[in-house]
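Summary of the model geometry
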Amino acid sequence: MMRHGPDADIDESDLEVSHPKDYAAGVPAVLVSLERAYEQMGAIRTAKTLTRLNQRHGFDCPGCAWPETPGHRKPAEFCENGAKAVAEEATLRTVTPAFFAQHSVDELATKTDYWLGQQGRITHPMVLRGGASHYEPIGWDDAYRVVAEHLKALPSPDQAVFYTSGRTSNEAAFLYQLLIRSYGTNNMPDCSNMCHESSGTALTDSIGIGKGSVSVPDIEAADLILIAGQNPGTNHPRMLSTLEKAKSNGARIIAINPLPEAGLKRFKDPQKVSGIVGRGVDMADEFLQIRLGGDMALFQGLGKLLFEAEHAAPGTVIDRPFVDTHCAGFDDYETHIRNVDLDIVVEATGLTLAQLRDTAAELIASQRTVICWAMGLTQHTHAVATIGEAVNLLLARGMIGKRGAGVCPVRGHSNVQGDRTMGIWEKMPDAFLAALDTEFGIETPRRHGLDTVDSIRAMRDGQASVFMAMGGNFVSATPDTAATEIALRNCALTVQVSTKLNRSHVVHGRTALILPTLGRTDLDIQETGKQEVSVEDSMSMVHLSRGRLKPVSEHLRSEVAIVCQLARALLGPDHPVPWSRFESNYDLIRDSISRVVPGFEDYNTRVRQLDGFALPHPPRDSRQFHTDTGRANFSVNELEWVPTPEGRLILQTMRSHDQYNTTIYGLDDRYRGVKGGRRVILVNPDDITGLGFRDGDLVDIISEFTGPDGTPEERRVHGFRVVAYSTPKGNAAAYYPETNPLVPLGHVAKKSNTPASKAITVRLEPAATKDSAWAV
Ligand SMILES: Nc1nc2c(c(=O)[nH]1)N[C@H]1C(S)=C(S)[C@@H](COP(=O)(O)OP(=O)(O)OC[C@H]3O[C@@H](n4cnc5c(=O)[nH]c(N)nc54)[C@H](O)[C@@H]3O)O[C@H]1N2
Ligand SMILES: Nc1nc2c(c(=O)[nH]1)N[C@H]1C(S)=C(S)[C@@H](COP(=O)(O)OP(=O)(O)OC[C@H]3O[C@@H](n4cnc5c(=O)[nH]c(N)nc54)[C@H](O)[C@@H]3O)O[C@H]1N2
Ligand SMILES: [Mo]
């Protein structure tokens, strides 16, 4: 049977499953990175880019947000997946007007994200006119006119939505939010809404700032590092070098994860001889194979054990001087935690009491504890409370604002943290907006705007009808694919500022525009000469990034230029913001930022210092907490966890080793032993038998939820191969974005509204058609 939709061209008949690896990186990592780079860029561009990656006079890796090592830099300050990200961007393959003339949008809509991404860099601005079958070229000025006309025709600026993905530089992000607010709305959903929003929310409530409190030297100096809900071997490979250093300084590492991820087991540093011929370094000293969503119970259980130990030997466990001087809410926390039932903790986590006691002993013995986390904590309905409990443990032990200790939310996109600092947020504080008004003599709106999930609802329900995206792939990245597709198709206009083709270009509004832009690696020349941009990493370090490559097309424009030119078309020549001067010289943008955003004083000078500069972080710098109480707040949270209903599984949706979010590099997940295909569901062997299946069976996955009106709802994806895998009983795992259709729009974290993509209740059924996944 022919399949329709984005799966139609999938041929996964080569899918192979072998034993998962027990180490990350090593020689295969080097080989894979060079092979991918060479395939996409050829020899010369490969040499030119990989030697400049993350160097002082080079460009910031468009991969993850892990900081570069301060001080000495290795000749190759990158990893396999950074090299893949660069190859993907610096590719010499192009998508030209001839390509669009050859392929109708309907045809492109049948292709996978993988196929679309593989076609190369988009070379010309393109338009899809209402009712047309093909995109056709459009001049830049005409394109801006189309956007301006649509925006001006809206009854209210709040009927437009402006998305940002986290690769946008500080300069472009600052101008983009300035344009949007000058136009009159705060509707600024961003990828962070789906990513670390839960971390930002929890940390702002507890320590008064939504950012991590540690630096690379802190991690290297820690004696205990908890890594919960994160797969660094794949998603932050450079973090493994930092962890290796910490280990050689004597740190112990506890990995908390439902899956035994390769990078958490052993690391072979490909940049060291010992990593090539030796067995590498053992990473985690303890592996807690926790049930999905069990972390809140774990942290509460550990809290209880800390209090028991304190009771047995008063003054030895709780850091009373720190708590008394700097914290609020301790007594309520203690009362609540003392009542936690350890039997429930054991059930919720799937861990043994002995494991809990051992972990508590490690915490008590530690003088310098860091807790790192990523999507395994943030994408749950109780994510904000879970992170609050992690902070509670650190506060009780006085582990904030001290060398070698603190909170470490490990960010995703390379500048997602910087975009927030620059004002990409639907609920930016009034102080920031007032500073914009003063700097530019404008009046920015104060009504909070829509985040990602609420933007989808607004477009779906006809309350918003113009959608613009600065990067990203909104359709594939967001939950509830069917609802999101309806939302975008409902729009009068969709505008995508992009480097590469993706699904958001083929699921479109009545009129659709593609505005092709320069990437990190590209040379950016404006009227006053070569321009540089800057980014902020996961640890609040701000530094420059300079692209060097000749752009693949002379028609590409920088994100800054696109924003400034659109602003002139939309706001007219008399607008008080000096858009033309900003466009011609990015130093002037940084001058304005230095007056608007605290911590950026003297931006142009300091960003050119060796390693850039660190932004202020009051808890880290001086144990000051700008919260509602003026102290660090303990939080009290009713215990929540995720039991598995009878005959069902709880499914997490995650990344393979061969993808960057919705950009699929290839079909191999080397560390997990899955090759040649992505439509797999990893299931505990006992569950496979218990549910009446066999390893290798082909199934449909059906998610089950209660809809907004209280009626049961189902969502289905077809043709996934069952793979027996080490995961807690009742828990399963599959890749995103293929499984996004299963995540209902309303299934979100409380307070942060982040889609709870790591806990979806599903059942399995034999695949409806035998050949569904493999049909060519
Ligand atoms: N190569 C590459 N690098 C990337 C990305 C990429 O796609 N490819 N994406 C970037 C982005 S935007 C982000 S946000 C980060 C994402 O980085 P990660 O958060 O590492 O990404 P995920 O693949 O979502 O992995 C989640 C991890 O948490 C575990 N987990 C899931 N649920 C739970 C739970 O309930 N409890 C615990 N303790 N663990 C759980 C999973 O088993 C998995 O190991 O990576 C960034 N870097
Ligand atoms: N089920 C499930 N869903 C998830 C997640 C999950 O774990 N599970 N993770 C969530 C997370 S953490 C995130 S961050 C989001 C990611 O959501 P997004 O950030 O929206 O998605 P990406 O796949 O990173 O976007 C890739 C596209 O960005 C464009 N691009 C790349 N570089 C540039 C550039 O320099 N400039 C411009 N203008 N465009 C560029 C390219 O066209 C490319 O196709 O997905 C979220 N969705
Ligand atoms: Mo992310």
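Quick notes on the rules
- Residues numbered from 1 in each chain as written.
- Chains lettered and ligands numbered in written order.
- Predicted model: local features only at pLDDT ≥ 70, side-chain atom pairs only at ≥ 80, totals over all residues.
- Heavy atoms only, no water.
- Near = heavy atom within 4 Å.
- Polar contact = N/O pair within 3.5 Å; in protein donor to acceptor, adjacent residues only side chain to side chain.
- Areas by Shrake-Rupley, 256 points an atom, 1.4 Å probe, with all protein chains shown as cover.
- Nonpolar A, V, L, I, M, F, W, Y, C, P; charged D, E, K, R; others polar.
- Domains from an automatic or database assignment.
- Helix = DSSP H or I, 4+ residues; strand = E, 2+ residues; numbered from the N terminus.
- Axes fitted to C-alpha atoms, helices over the stretch in contact; angles between N-to-C directions.
- Parallel < 35°, antiparallel > 145°, perpendicular 65-115°, else oblique.
- Left-handed = near helix turned anticlockwise from the far one by under 90°.
- Contact = heavy atoms within 4.5 Å.
- Phe/Tyr/Trp six-rings, centres within 6.5 Å; stacked < 30°, edge-to-face > 60°.
- Buried < 20%, exposed > 50% of the residue type's maximum accessible area, 1.4 Å probe, protein only.
- Lys NZ or Arg CZ within 6 Å of the ring centre and 35° of its normal.
- Core = buried A, V, L, I, M, F, W, Y, C linked by side-chain atoms within 4.5 Å.
- Pairing = 2+ DSSP bridges.

**Some details on the site of ligand 2**
- Taken together, 31 residues lie around ligand 2, and Y163, A477, E559, T662 and N740 are the ones closest in.
- Here S165 contributes a side-chain N or O atom positioned 2.7 Å from an oxygen atom of ligand 2.
- At 3.0 Å from an oxygen atom of ligand 2 is found a main-chain nitrogen or oxygen belonging to G472.
- Here ligand 2 loses 96% of its free accessible area of 930 Å² to cover by the protein chains.
- Considered class by class, the residues forming the shell around ligand 2 number nine nonpolar, 17 polar and five charged.
- Both domains that furnish three or more residues to the shell around ligand 2 are identified here as domain 2 (94-189 + 415-619) and domain 3 (196-410 + 627-636 + 648-776).

**Observations regarding the site of ligand 1**
- Taken together, 31 residues surround ligand 1, and among them N257, E261, D295, H380 and N661 come closest.
- In this structure, a nitrogen atom belonging to ligand 1 sits 3.2 Å away from a main-chain N or O atom of T234.
- Note that an oxygen atom of ligand 1 is positioned 2.8 Å from one of the side-chain N or O atoms of R655.
- With the chains in place, 99% of the 920 Å² that ligand 1 exposes on its own is no longer accessible.
- Counting only elements with at least two residues in the shell around ligand 1, the list comes to α10 (232-235), α19 (375-378), β25 (649-654) and β26 (659-660).
- Of the residues in the shell around ligand 1, the class split is 11 nonpolar, 16 polar and four charged.

**Here's the deal with the packing of helix α7 (residues 170-183) against helix α28 (residues 586-596)**
- In the contact formed by α7 and α28, the axes pass within 10 Å of each other and the chain directions differ by 70°. Considering the angle they form, α7 stands roughly perpendicular to α28. Between α7 and α28 lies a crossing of left-handed hand. Seen from α7, the contacting residues are N170, E171, F174 and L175; seen from α28, they are I589, R590, S592, I593 and V596.
- Class assignment for the residues of the contact of α7 with α28 results in five nonpolar, two polar and two charged.

**Regarding the packing of aromatic side chains**
- A complete count under the given rule lists 18 aromatic pairs for this structure.
- With centroids separated by 6.4 Å and ring planes inclined at 80°, the aromatic side chains of F162 and Y176 adopt a geometry described as edge-to-face. Remark: Y176 occurs in helix α7 and F162 occurs in strand β7 (residues 160-164); sequence separation between them is 14 residues.
- Measuring from centroid to centroid gives 6.1 Å for F440 and F582, while their planes differ by 85°, and the two rings are edge-to-face. Separated by 142 residues along the polypeptide, F440 in helix α22 (residues 430-440) and F582 in helix α27 (residues 579-584) bring together distant segments of the chain. F582 carries the same exposure label as F440, and that label is buried.
- Taken together, the aromatic side chains of F99, F100, W115 and Y135 make up a single cluster linked through ring pairs.
- One cation-aromatic arrangement involves K111 over W115; the distance from NZ or CZ to the ring centre is 4.6 Å.
- In this structure, R606 is placed above the aromatic ring of F613, and the distance from its NZ or CZ to the ring centre is 4.2 Å.

**Points about the nonpolar core**
- Core analysis: the biggest nonpolar cluster contains 61 residues, and L151, F174, L175, L178, L513, W579 and F600 have the highest contact counts within it.
- For this core, the leading source of residues is α7, giving nine residues.
- Each residue touching L151, except ones within four places of it in the same chain, is listed here: A160, F162, Y183, V466 and L570.

**A look at the sheet that holds strand β2 (residues 24-25)**
- Spatially, β2-β10-β11 is the arrangement adopted by the three strands of the open sheet, whose pairing is mixed. For this open sheet the edge positions go to β2 and β11 (281-282), each flanked by a neighbour on one side alone.
- As defined by bridge partners, strand β10 (residues 266-268) adjoins β11 across two bridges and the pair is classed as antiparallel. Counted as the bridge partner of R266 is D282 from β11.

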